[in-house]
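Chain residues, written in single-letter form:
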Amino acid sequence: MGAARWNRAAHGIILKVTIPATDPHPVESPTDRLCSRKLEGNFRMGMRRIIAFGLTVWALAAVPAAMAVGPDIIVGEIAILNNINRYGPHNGITAYSFATTSCNIGDMPASWFSNTPDHPVIVQNLFRLKGGRLEQVGMAWLKHGFATLNEEYPGCGTCQETDGQTLGPGCSDTYDAALNGGQGLLGPRTQVNPSSGQFPYPFTAPPIQPIIGRRLQVKNFALDPLQNPGALYFLEASYISAHESLFNNAANSASWRQVSVVSEPAGFRLTPAGPTVREQPAIMAWQANDPTVEIQQVVVENDGGPGYFGYFWVAAKARYLGNCKWLYEYAVENLNSHQACGAFSVSLPDGVIPMRAGTTQVKYHSGEQVIPFSWDISTSATEIKWHTYPASVVPNANALMFGTMYTFRFEAEAPPTCDAAAAIHLWRSPQRDPYVVQTIGPMIGDPCQDTGPMDFACGGQLVANYREPGDVNLDGLVDFADASALVDVLMGTVETPEATLAADIDESGAIDGHDVAALVGRLTGSK
């Protein structure tokens, strides 16, 4: 079953080219659509023959796993041939779309019928890893699929071609960035039951906003390299299919790919910076870049209906800040749970008092009917909990719904353990028992360490964390607050060992004007 299979290999093989679509919202008949895409496929085939020889060795290495029972749709490639489109900027926001190549690694054709609700929808997201914290910074509405090309692609298997209204076993199909950014094809997330894959069609939606409406929207300040030194970015895509969900093959539907942000006069361009990592949600990128992160999967039975399964992932990290304080950070990604998460809690031992608690949620847009509440934070003697309004009270509250990841954090004067407990509380069914995972959290003990900032790794050891040069106040960010912290060290008002170490930005062993110049360089992007 798809839920039990994990392919952690990164496949970056490219055998296809895409042709920009002149009309982002095709209006021809399903037959015309298929013929148009077949002509496009013939062009691709010619190009493929030109480059196939140089990729033969790679193709032979991409051996697919045994086929799953039923259709099993995965994302085989993100942004093939660097196919990422930019729209804007507009009112401080830039929007994007990117190509997605689907693969059916199951043993049955997957339904892909045009002009019916029996087709997949495609999720497009963007994540940022900055200062050790992973956050989702952008998302798009759902791209509705239509017609397939049924092509060979490395790692998908041997294509058993069908009529173009299904995706055959072992076959692939690519939607280029223009199609995935076609505003008329992008529908609301809130009308989809993601664990059953069911939705009404045609969808209903407010009028399309110009330029960036419905597309993958990101605030410019979250992209600007000057404001995000050292940040890493990751695209994520997944396919939601009612046909696949009948066979419980949805757990491996997401893949991710690292991208770089390039500042240009026209705006911020995204360009691939690594291969596509198949069959993993983007939360795995945190652990891939920081091995001290612990991740657990949560499986919700009878999620979007009897027999359907929903999937969450819970990631955790602990960092020693100095001065006997620890920072605990959590990320929860909802792949496809219709139940959604209405509250997230972390257990606290006796006497531990959480401080500076916070949370970050990605914002809905383009008229999506979700109210952007700030999640409340409550504490008791036994837990800290972040929560929104239950569905029975506010049916369009911003619960942690599918295709989104929220982050949670707090500080405590308590050392970490890997035997703590965290819980996901279901939004639509709060009467059900919470789903508890073993994870990193605080325990009773001496929190003080004779070191500067360090990361905690399960097993009890401390490892030197990557501290961004210029992060003088040790909050995980390099910003203008660090200038004030540097002045405090220079004036002698703050003399702790961890602050002195962080203030030595040029690593010369002395705190002086060279460190001021180094910080200015970091803040302005000149260094």
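Residues numbered from 1 in each chain as written. Predicted model: local features only at pLDDT ≥ 70, side-chain atom pairs only at ≥ 80, totals over all residues. Heavy atoms only, no water.

### What about a nonpolar patch on the surface?
So the rule is basically this: Like charges within 9 Å and nonpolar side chains (Val, Leu, Ile, Met, Phe, Trp, Tyr) within 5 Å are joined into patches, using only residues over 30% in relative accessible area that form no salt bridge. Surface accessibility follows the Shrake-Rupley procedure with a 1.4 Å probe radius. Residue values consider only the protein chains on display as shielding. One speaks of a salt bridge when a side-chain nitrogen belonging to Lys or Arg is within 4 Å of a carboxyl oxygen belonging to Asp or Glu. A run of DSSP states H or I qualifies as a helix once it reaches four residues; a run of E qualifies as a strand once it reaches two. Both are numbered from the N-terminal end. We call a residue buried when its accessible area falls under 20% of the maximum for its residue type, exposed when it is over 50%, and partly exposed in between, using a 1.4 Å probe and counting protein chains only.
Taken together, V487, L490, M491, V516 and V520 make up a surface patch of nonpolar side chains, about 430 Å² in accessible area. At the level of elements, helix 6 (481-491) and helix 8 (513-524) are the ones that each hand at least two residues to the nonpolar patch. For M491, the position within the fold is in helix 6. On the accessibility criterion, M491 (63% relative accessible area) is exposed.

### Concerning the packing of helix 6 against helix 8
Short version of the rule: Comment: axis = line fitted to C-alpha atoms, over the contacting stretch for helices; angle = value between 0 and 180 degrees taken between N-to-C directions. Note on terminology: angles under 35 degrees are roughly parallel, angles over 145 are roughly antiparallel, angles of 65 to 115 are roughly perpendicular, and the others are oblique. Contacts: residue pairs with any heavy atoms within 4.5 Å of one another. Polar here means any residue other than Ala, Val, Leu, Ile, Met, Phe, Trp, Tyr, Cys and Pro, which are nonpolar, and Asp, Glu, Lys and Arg, which are charged; Gly is therefore polar.
Contact pair helix 6 / helix 8: the axes reach a minimum separation of 11 Å and the direction vectors enclose 175°. In terms of orientation, helix 6 lies roughly antiparallel with respect to helix 8. Touching D482, A483, L486 and L490 of helix 6 are D515, V516 and L519, all from helix 8. Considering only residue class, the contact of helix 6 with helix 8 consists of 5 nonpolar, no polar and 2 charged.

### Topic: the packing of aromatic side chains
In plain terms, the rule: Each pair of aromatic rings taken from Phe, Tyr and Trp, with Trp reduced to its six-membered ring, is defined by centres within 6.5 Å and is described as stacked if the planes are under 30 degrees apart, edge-to-face if over 60, and tilted in the remaining cases.
With the rule as written, the count across this model stands at 16 aromatic pairs. Both rings, one in Y201 and one in F203, keep their centres 6.3 Å apart while their planes meet at 70°; by these two values the pair is edge-to-face. According to the relative accessible area criterion, Y201 is partly exposed, its value standing at 28%. For F203, a relative accessible area of 18% puts it in the buried group. On the basis of an interplanar angle of 55° and a centroid distance of 5.0 Å, the ring pair of Y320 and W326 is categorised as tilted.

### Let's talk about the sheet that holds strand 20 (residues 341-347)
Operational definition: Strands are treated as partners if at least two bridges between them are detected by DSSP.
Reading across the sheet, the 5 strands line up as 22-23-20-25-26 and stay open at both edges, with antiparallel pairing between neighbours. Both edges of this open sheet fall to strand 22 (376-379) and strand 26 (435-442), since each of them pairs with a single strand only. Sheet twist, expressed as the average angle between the axes of neighbouring strands with direction ignored, equals 25°.

### Thoughts on the side chain of Q217
Selection rule: Polar contact criterion, stated in full: a pair of N or O atoms within 3.5 Å, where within protein one must be able to donate a hydrogen and the other to accept it, and residues adjacent in sequence count only if both atoms are side-chain atoms.
Here Q217 is to be found in strand 13 (residues 216-219). A polar contact is formed between the side chain of Q217 and the backbone oxygen of I212, at a distance of 2.9 Å. A distance of 3.3 Å separates a polar atom in the side chain of Q217 from a polar atom in the side chain of H365. When sequence neighbours within four positions are dropped, the list of residues in contact with Q217 reads I93, T94, A95, V137, G138, M139, I212, H365 and S366.

### Examining the pairing of strand 23 (residues 383-387)
On strand 23, burial follows the alternation: I384 and W386 on one face are buried, whereas E383, K385 and H387 on the facing-out side are not. In this structure, strand 20 lies alongside strand 23, joined through 5 bridges in antiparallel fashion. Bridge assignment links S347 to a residue of strand 23, and that residue is E383. Bridge count between strand 22 and strand 23: 4 bridges; the pairing is antiparallel.

### Focus on the nonpolar core
Inclusion rule: The nonpolar core is taken to be a set of buried Ala, Val, Leu, Ile, Met, Phe, Trp, Tyr and Cys residues, with the residues joined through side-chain atoms within 4.5 Å.
Within the largest apolar cluster, 44 residues are counted, with the highest numbers of intra-cluster contacts made by F344 and F410. Tallying contributions element by element places strand 18 (residues 310-322) first for this core, with 5 residues. Discounting residues that sit within four places of it in the chain, F344 has contacts with V314, Y330, V332, W375, I384, K385, W386, F408, A422, A423, I424 and H425. In terms of nonpolar packing, the next biggest core, distinct from the first, is built from 34 residues, F98, F146, Y175 and V261 among them.

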